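# Summary of structural features
Spelled out from the first residue to the last, the chains are:
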Amino acid sequence: MRASPDFVRSNRGAGLLALSLTASKFGQRPSQLLGLLDPVVSLDFDNAGAMRLQEWEDERTAAMWGAKPDPEPDIRYEQIH
């Protein structure tokens, strides 16, 4: 099974967020709920879910404190040689 990019991106990732929240509640990985078997695809999908879940939590926290969340977080990746 292959996850559609539309599922990940549509409606600000609402489907991915719902799946990630459900997986979190049941102590599982989102890829397990979908039955993804390829370990690389599963890890990539789970990371996308974790990132969307963190964004949602940041949005909730910002709303609680009356601040606007950073629309484009400053994430820098280092290359390891």
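Read on for a plain summary of the structure. Bear in mind that the values here come from a model prediction, so they are computed numbers and not experimental data. (Residues numbered from 1 in each chain as written. Predicted model: local features only at pLDDT ≥ 70, side-chain atom pairs only at ≥ 80, totals over all residues. Heavy atoms only, no water.)

So, on to the side chain of Ser42. Among the structural elements, Ser42 can be located in helix α4 (residues 39-64). For Ser42, a relative accessible area of 5% gives the class buried. Within the structure, Ser42 has its side chain in polar contact with the backbone oxygen of Leu36 (distance 3.4 Å). Those residues within four positions of Ser42 in sequence are excluded, and the remaining contacts are Arg29, Ser31, Leu36 and Leu37. (Helix = DSSP H or I, 4+ residues; strand = E, 2+ residues; numbered from the N terminus. Buried < 20%, exposed > 50% of the residue type's maximum accessible area, 1.4 Å probe, protein only. Polar contact = N/O pair within 3.5 Å; in protein donor to acceptor, adjacent residues only side chain to side chain. Contact = heavy atoms within 4.5 Å.)

With that out of the way, let us pick up the environment of Ser20. On the secondary structure map, Ser20 appears in helix α2 (residues 14-25). Taking the C-alpha atoms as reference points, Ser20 and Pro30, ten residues apart in sequence, are found 5.5 Å from one another. If we ignore the near neighbours within four places in the chain, the residues touching Ser20 are Pro30, Gly49 and Leu53.

So, about the pattern of salt bridges. A full pass over the atoms with the stated rule returns three salt bridges. Between Arg29 and Asp46 there is a salt bridge; the shortest N-O distance is 2.4 Å. One end of the pair, Arg29, is in the loop between α2 and α3 (30-34); the other, Asp46, is in helix α4, and 17 residues separate them in sequence. Looking at Arg29, the relative accessible area reads 40%, which means it is partly exposed. Notably, a salt bridge pairs Glu55 with Arg52, separated by 3.7 Å at the nearest N-O pair. Pair noted here: Glu55 and Arg52 are both in helix α4, with a separation of three residues, about one helical turn. Here the salt bridges do not stand alone but share partners, grouping Arg52, Glu55 and Glu59 into one network. (Salt bridge = Lys/Arg side-chain N within 4 Å of Asp/Glu carboxyl O.)

Another point: α2. Here α2 is twelve residues long and its end C-alpha atoms lie 16 Å apart, about the 16 Å a rise of 1.5 Å per residue gives. Looking at the residues trailing α2, positive phi occurs at Gly27, about 65 degrees. (Expected span 1.5 Å × (residues − 1).)

Inspection of the secondary structure puts Ser31 in helix α3. Exposure remark for Ser31: the relative accessible area of 2% places this residue in the buried category. Excluding anything up to four places from it in sequence, Ser31 contacts Leu36, Ser42, Phe45 and Asp46.

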